Amino acid sequence: MSEELPSIGQPLLPNETKETNIEIPGDRNKVVLHADEVKNTIQVVVNSSRGRRHGARKKLYTMNTSYYNLFVVEGEEYEEDEGTFQIATDLALTESITEELKKKYARLDESAIEDIKTFPTIFTNKNHHFGYTDNDHYACYGVVTGVERDGHHIIISYHILGDLKQQDLINMAADLGILKASEYNELNDPHWTIKESNLIAAMKKAGVDLVTIT
């Protein structure tokens, strides 16, 4: 996860109608985006090359870019393109979230889960230090593919699309709705929240390398 990631070459605007190819560097994936004319969504076609055990697979995801999921899970490496992890129910959509979004999604009924699966998602571990992290600490960018309750835990299935430096997320805290103080930010604490923010647009605005549009 230490390789340098290429920069975005063109903006992703909700009202664009032409298809856009995106190359994920290294062993990641090839993505094709199509922006919806009416809704603030993009379609993502993934040709997975990293899931070596099962060979290449093509999948289609539709993302609602008005929101994004943020998972801070201690000890999870996200080493495979696809996998699962657990988060305690008392850390799921209970903090660092607006009351409106909490009321709408924390119940995790079928409708809420289907919405959650359309949000771009950041998967990461806790910061290595108070309020900041190391330069080689990478977060993952992808989508949630499943949500299941299991007693006092919730099992999250995911598909990783790419990597980005966690310190970049901290630097972009204001644009991403991440709570931040001088020696603390919410990436210091394990939790799952939903933010009302366009993650992809914020990345572009900050010049953060995420994917390359060719």
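The rules we used
Residues numbered from 1 in each chain as written. Predicted model: local features only at pLDDT ≥ 70, side-chain atom pairs only at ≥ 80, totals over all residues. Heavy atoms only, no water. Helix = DSSP H or I, 4+ residues; strand = E, 2+ residues; numbered from the N terminus. Buried < 20%, exposed > 50% of the residue type's maximum accessible area, 1.4 Å probe, protein only. Contact = heavy atoms within 4.5 Å. Areas by Shrake-Rupley, 256 points an atom, 1.4 Å probe, with all protein chains shown as cover. Phe/Tyr/Trp six-rings, centres within 6.5 Å; stacked < 30°, edge-to-face > 60°. Salt bridge = Lys/Arg side-chain N within 4 Å of Asp/Glu carboxyl O. Polar contact = N/O pair within 3.5 Å; in protein donor to acceptor, adjacent residues only side chain to side chain. Core = buried A, V, L, I, M, F, W, Y, C linked by side-chain atoms within 4.5 Å. pLDDT = per-residue confidence, 0-100.

1. Comments concerning the overall build of the protein
Right, so step 1: When helices and strands are tallied, the protein shows 5 helices and 13 strands.
Right, so step 2: Going through the 214 residues of the protein one by one, you find that 47% of them count as buried.
Right, so step 3: Pairs at least 24 apart in sequence give 62% of the contacts found in the protein among residues at least 6 apart.
Right, so step 4: Summed over all atoms, the accessible surface of the protein reaches about 10,600 Å², with 46% contributed by carbon and sulfur.

2. Looking at the packing of aromatic side chains
Right, so step 1: Counted under the stated rule, the structure contains 11 aromatic pairs.
Right, so step 2: For the pair Phe 71 and Trp 192, a centre-to-centre distance of 4.8 Å together with 25 degrees between the ring planes defines the contact as stacked. Taken together, the positions of Phe 71 in strand E5 (residues 68-72) and Trp 192 in strand E12 (residues 191-195) put the pair 121 residues apart, joining distant regions of the chain. With respect to burial, Phe 71 and Trp 192 carry one shared label: buried.
Right, so step 3: Note on Phe 85 and Tyr 158: the rings are 5.9 Å apart at their centroids and 35 degrees apart in plane angle, and the pair reads as tilted. Placement of the pair is Phe 85 in strand E6 (residues 82-88) and Tyr 158 in strand E9 (residues 153-165), with a sequence separation of 73 residues.
Right, so step 4: Residue classification places Phe 85 among the buried residues on the basis of a relative accessible area of 3%.
Right, so step 5: Given a relative accessible area of 4%, Tyr 158 falls into the buried group.
Right, so step 6: Taken together, the ring pairs connect Phe 71, Tyr 78, Phe 85, Phe 123, Tyr 158 and Trp 192 into an aromatic cluster.

3. Observations concerning the pattern of salt bridges
Right, so step 1: Under the criterion given, the structure shown has 5 salt bridges.
Right, so step 2: Note that Asp 109 is salt-bridged to Arg 107, the shortest N-O span being 2.4 Å.
Right, so step 3: On the accessibility criterion, Arg 107 (42% relative accessible area) is partly exposed.
Right, so step 4: Residues Lys 195 and Glu 186 are paired through a salt bridge, measuring 2.8 Å at the closest nitrogen-oxygen approach.
Right, so step 5: For Lys 195, a relative accessible area of 6% translates into the label buried.

4. Topic: the environment of Gly 83
Right, so step 1: Structurally, Gly 83 can be placed in strand E6.
Right, so step 2: A residue is classified by how much of its surface remains accessible, and Gly 83, at 23% relative accessible area, is partly exposed.
Right, so step 3: Residues Gly 83 and His 159, spaced 76 residues apart in sequence, show a C-alpha to C-alpha distance of 7.0 Å.
Right, so step 4: If we skip the residues at most four places from it in the chain, Gly 83 touches Ile 156, Ser 157 and Tyr 158.

5. What about the side chain of Gln 166?
Right, so step 1: Mapped onto the secondary structure, Gln 166 falls in helix H3 (residues 166-171).
Right, so step 2: The buried category is assigned to Gln 166, whose relative accessible area is 0%.
Right, so step 3: Reaching out from Gln 166, the side chain makes a polar contact with the backbone oxygen of Asn 125 at a distance of 3.0 Å.
Right, so step 4: Once residues within four sequence positions are removed from consideration, Gln 166 is found in contact with Thr 124, Asn 125, Lys 126, Asn 127, Thr 133, His 137, Tyr 138, Ala 139 and Leu 187.

6. Quick notes on the nonpolar core
Right, so step 1: Core analysis: the largest hydrophobic core is formed by 26 residues, its most contacted members being Ile 116, Phe 123, Val 147, Ile 156, Trp 192 and Ile 194.
Right, so step 2: Looking at this core, the elements that each hand over two or more residues are E6, helix H1 (99-105), helix H2 (110-116), strand E8 (138-150), E9 and E12.
Right, so step 3: Look past the residues within four positions of Phe 123 in its chain and what remains in contact with it is Phe 71, Tyr 78, Phe 85, Ala 139, Cys 140, Gly 142, Val 143, Val 144, Tyr 158 and Ile 160.
Right, so step 4: By size, the runner-up hydrophobic cluster in this structure holds 22 residues, among which are Tyr 141, Leu 199, Ala 202 and Met 203.

7. Considering the confidence of the model for the protein
Right, so step 1: Overall, the predicted model of the protein reaches an average pLDDT of 79, with 71% of residues at or above 70.
Right, so step 2: Here residues 49-56 is a poorly scored stretch, pLDDT under 50, and it has 14 contacts once near neighbours within four places are set aside; other chains count.

8. Points about the side chain of His 137
Right, so step 1: Inspection of the secondary structure assignment puts His 137 in the loop between strand E7 (120-124) and E8.
Right, so step 2: For His 137, a relative accessible area of 5% corresponds to the buried category.
Right, so step 3: Polar contacts involving the side chain of His 137 include one to the side chain of His 128, which spans 3.4 Å.

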